[in-house]
Amino acid sequence: DTGVSQNPRHKITKRGQNVTFRCDPISEHNRLYWYRQTLGQGPEFLTYFQNEAQLEKSRLLSDRFSAERPKGSFSTLEIQRTEQGDSAMYLCASSATDRGAYEQYFGPGTRLTVT
Amino acid sequence: AQSVTQLGSHVSVSEGALVLLRCNYSSSVPPYLFWYVQYPNQGLQLLLKYTSAATLVKGINGFEAEFKKSETSFHLTKPSAHMSDAAEYFCAVSGDRTASKLTFGTGTRLQVTL
């Protein structure tokens, strides 16, 4: 396993701009999760996919946020019209629940700074 | 709904001393419980998990945790702290049987001194 990878690792953007992050899960993991972590807090669940289906979205995921996993492999998280409050670390994780393995493996995260 | 409370946002121990990081959970269903460690500017690394098998769970790097249903606790311990254990530790709970959504505590920062 090469682990979960996320790109970019850092993103600085101006308020009002759109940003997109990418997550590549561990190969053949059927589930993919997105979390957001702000300074001094634990990660907060945003959404998750099972294969290509988005099964749950948190209320934290406003209309400006959209996530996709079109072929059941990598996923993208887009934030439109960014706000300063969107500044956070965005973490991706994956798991293989179809093999009875429920633990989630996390990527290194994408740190977003909105100026 | 599930929730996690980690008592003590900062814990300091001497190298070689016992490490005890506290986690209490609330769950309306039998929970799955996890401990993760996070080093600065990195993602989370799984230390150990409880998924309704043995109540004493052993993890990586010499850590272990005991699930105590009567106390709704899942405290993390390590007999002898090492300098490399200095990091942020998160306890997490999932209330469904496939751990589809983790609810994390606010974390405990472990400091290890000489």
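It should be emphasised that the depicted structure is a prediction, and the values quoted were computed from it without experimental measurement.

Criteria and cut-off values
Residues numbered from 1 in each chain as written. Chains lettered and ligands numbered in written order. Predicted model: local features only at pLDDT ≥ 70, side-chain atom pairs only at ≥ 80, totals over all residues. Heavy atoms only, no water. pLDDT = per-residue confidence, 0-100. Helix = DSSP H or I, 4+ residues; strand = E, 2+ residues; numbered from the N terminus. Buried < 20%, exposed > 50% of the residue type's maximum accessible area, 1.4 Å probe, protein only. Contact = heavy atoms within 4.5 Å. Buried area = accessible area lost by both parts, 1.4 Å probe. Salt bridge = Lys/Arg side-chain N within 4 Å of Asp/Glu carboxyl O. Polar contact = N/O pair within 3.5 Å; in protein donor to acceptor, adjacent residues only side chain to side chain. Nonpolar A, V, L, I, M, F, W, Y, C, P; charged D, E, K, R; others polar.

**Concerning the confidence of the model for chain B**
When the pLDDT values of chain B are averaged, the result is 93; 100% of them are 70 or greater. Element-level pLDDT for chain B is lowest in strand β4 (residues 24-26) of chain B, with a mean of 93, against a maximum mean of 98 in strand β3 (residues 19-21) of chain B.

**Section: the environment of A92 of chain B**
All names here are of chain B. Following the sequence through the fold, A92 ends up in strand β10 (residues 87-94). With a relative accessible area of 0%, A92 lands in the buried category. Separated by 59 residues in the primary sequence, A92 and L33 have C-alpha atoms spaced 5.8 Å apart. Residues within four places of A92 in sequence aside, it is in contact with V4, Y32, L33, F34, L102, T103 and F104.

**A closer look at the interface of chain A and chain B**
Contacts between the two partners involve 21 residues from chain A and, on the opposite side, 20 residues from chain B. When chain A packs against chain B, the two sides together hide about 1700 Å² of surface, and 53% of this comes from carbon and sulfur. In terms of surface lost to chain B, no three residues of chain A exceed Y102, E103 and F106 of chain A, which account for 30% of the buried area on that side. Applying the counting criterion to the chain A and chain B interface returns two salt bridges. Close ionic contact of E103 of chain A with K49 of chain B constitutes a salt bridge, the shortest N to O distance being 2.7 Å. In this assembly, chain A and chain B are joined by five residue pairs in polar contact (both at pLDDT 80 or more). Elements supplying a minimum of two residues to the side of chain A that touches chain B: β4 (31-37), β5 (44-50) and β10 (101-106) of chain A. Tallied by class, the residues present in the side of chain A that touches chain B amount to nine nonpolar, seven polar and five charged.

**Examining the pattern of salt bridges**
All names here are of chain A. Under the definition given, this model contains eight salt bridges over all chains. One salt bridge connects R64 with E83, and the closest N-O pair in it is separated by 3.4 Å. Taken together, the residues span a long stretch of sequence, with R64 in the loop between β6 (53-57) and β7 (65-68) and E83 in the loop between β8 (75-79) and β9 (88-96) at a distance of 19 residues. Residue R64 is classed as buried on the basis of its relative accessible area of 12%. Given the relative accessible area of 39%, E83 is considered partly exposed. What emerges from the salt-bridge pattern is a single network uniting R64, E83 and D86.

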